[in-house]
Amino acid sequence: LNRHYFALPTNPGEQFFMFCTLAAWLITKAGHPFEQPQEYDDPNAIISKILSELRSFGRPVDFPPSKLKAGYGEQACYVLDCLAEEALKYTGFSWKRPVYPTEELEEEEITEDDAELTLNKLEEEAVEEESDNEENFIDLNVLKAQTYKSDISDSAKQEEILESTTDAAEWNLEVERVLPQLKVTVRTDNKDWRIHVDQMHQHKDGIESALKETKGYLDKLQNEISRTLEKINSREKYINNQLEHLVQEYRSAQALLSEAKEKYQEGSGGVTERIKVLSEITEVLERVKQEMEEKGSSMTDGAPLVKIKQALTKLKQETLQMDIRIGVMEHTLLQSKLKEKSNMTRDMHATVIPETTVGVY
């Protein structure tokens, strides 16, 4: 299993089975007997058993058991971490200090002709000498005695060396023979701070030399720009003085234009009002024209006269019929009056009035 096996989803079924088996093994290592789960066991039962064992160790479980069915995630890692800690506690495991292996430094053979030393070797040798000096601690009294003896021996040697007995030619031959062995070549390392310092000094010298050349050009350019600006200012003042009357005329024309615009706006407002009145008048005129056309068409048409004549003839007929009916009614009334008059006269001459006639009156 890799270290991220239970952190990322790869195969949920396989991860869940591996989680259950590993949890059971850790529980048994922690001192609680636990049966190894099988592939066809109920996952809910296995999860409940694992969580109950985890609670028995005193570990809090603040997540639902369904989070462990996937076999990966934060909850699965938490359960395995807690069970591993309990197993280590039960077995009495303790961390020890690390033991580093001793590395043997290989001695490099230096050729007599080309003896090369690098900066890294020089630094390592200086560090080794400092460490050796720190390890080989010497008492101050012993150190004073040694320095006193060395001073005495040096003074005796200096007195002996005051007169040289060596030959200059032999000395020069010895120098020429030993000179190739004393050659020190320093290999360049881009990460060394000395190289960066040299580069900084080189860049500084280059910037200063370039600045001296460019400063003169920049000063000339500045002088030319200042002169042109002065010329532009003087020309601008001259143009303003020459065109002052034109500017005044332009301002007066702008004032007149603004007044004309105001008048135009006022006139346009009156025109709109008059257009509205004109539209109303045209509507009234159209209505009057329609009425005139209707009346003219009715006057030229003879149908109304025919209707009037027919109505007059009908009225005459009706008046004749009414006259006839009135005459008939007058005749009937006259007969009824005459009959009543005759009855009255007969009754007056009669001696006895029958009861039937009395009831009639």
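Above: the structure in question.
Quantities reported herein were computed from a predicted structural model and do not represent experimental measurements.

A. Fine view of the nonpolar core. Core analysis: the biggest nonpolar cluster contains 26 residues, and Phe19, Leu68, Val79 and Leu83 have the highest contact counts within it. Ranked by residue count, the leading element in this core is helix α1 (residues 12–29), at seven residues. For valine 79, the residues in contact, after removing those within four places along its chain, are Phe19, Ile50, Leu54, Phe63 and Leu68.

B. Spatial organisation of the side chain of threonine 21. Within the element layout of this structure, threonine 21 appears in helix α1. Owing to a relative accessible area of 17%, threonine 21 belongs among the buried residues under this scheme. At a separation of 2.9 Å, a polar atom in the side chain of threonine 21 contacts the main-chain carbonyl oxygen of methionine 18. In contact with threonine 21, not counting residues within four places along its chain, are Gln36 and Pro37.

C. Broad picture of a nonpolar patch on the surface. Residues Tyr238, Ile239, Leu243, Leu246 and Val247 make up a contiguous nonpolar surface patch of about 440 Å² in total accessible area. Mapped onto the nonpolar patch, the elements with two or more residues apiece are α7 (193–242) and α8 (244–300). Looking at the element boundaries, tyrosine 238 is found in helix α7.

D. Examining the packing of aromatic side chains more closely. Under the definition given, this model contains three aromatic pairs. Ring geometry for tyrosine 5 versus phenylalanine 6: centroids 5.0 Å apart, planes at 90°, classification edge-to-face. The exposure classification of tyrosine 5 matches that of phenylalanine 6, with both residues buried. Feature note: the residues Tyr5, Phe6 and Phe19 constitute an aromatic cluster, connected by ring pairs.

E. Here's a closer look at the packing of α1 against helix α3 (residues 74–91). In contact at an axis separation of 8 Å, α1 and α3 are set at 25° when each is read in the N-to-C sense. As summarised for this structure, α1 and α3 are arranged roughly parallel, according to the angle between their axes. Relative to α3, α1 is oriented so that their crossing is left-handed. In this structure, α1 uses Phe19, Leu22, Ala23, Leu26, Ile27 and Lys29 to contact α3, whose residues at the interface are Ala76, Val79, Leu80, Leu83, Ala84, Ala87, Tyr90 and Thr91. Here the residues of the contact of α1 with α3 are counted per class, giving 12 nonpolar, one polar and one charged.

Conventions adopted
Residues numbered from 1 in each chain as written. Predicted model: local features only at pLDDT ≥ 70, side-chain atom pairs only at ≥ 80, totals over all residues. Heavy atoms only, no water. Core = buried A, V, L, I, M, F, W, Y, C linked by side-chain atoms within 4.5 Å. Buried < 20%, exposed > 50% of the residue type's maximum accessible area, 1.4 Å probe, protein only. Helix = DSSP H or I, 4+ residues; strand = E, 2+ residues; numbered from the N terminus. Contact = heavy atoms within 4.5 Å. Polar contact = N/O pair within 3.5 Å; in protein donor to acceptor, adjacent residues only side chain to side chain. Patch = residues over 30% accessible without salt bridge, like charges linked within 9 Å, V, L, I, M, F, W, Y side chains within 5 Å. Areas by Shrake-Rupley, 256 points an atom, 1.4 Å probe, with all protein chains shown as cover. Salt bridge = Lys/Arg side-chain N within 4 Å of Asp/Glu carboxyl O. Phe/Tyr/Trp six-rings, centres within 6.5 Å; stacked < 30°, edge-to-face > 60°. Axes fitted to C-alpha atoms, helices over the stretch in contact; angles between N-to-C directions. Parallel < 35°, antiparallel > 145°, perpendicular 65-115°, else oblique. Left-handed = near helix turned anticlockwise from the far one by under 90°. Nonpolar A, V, L, I, M, F, W, Y, C, P; charged D, E, K, R; others polar.

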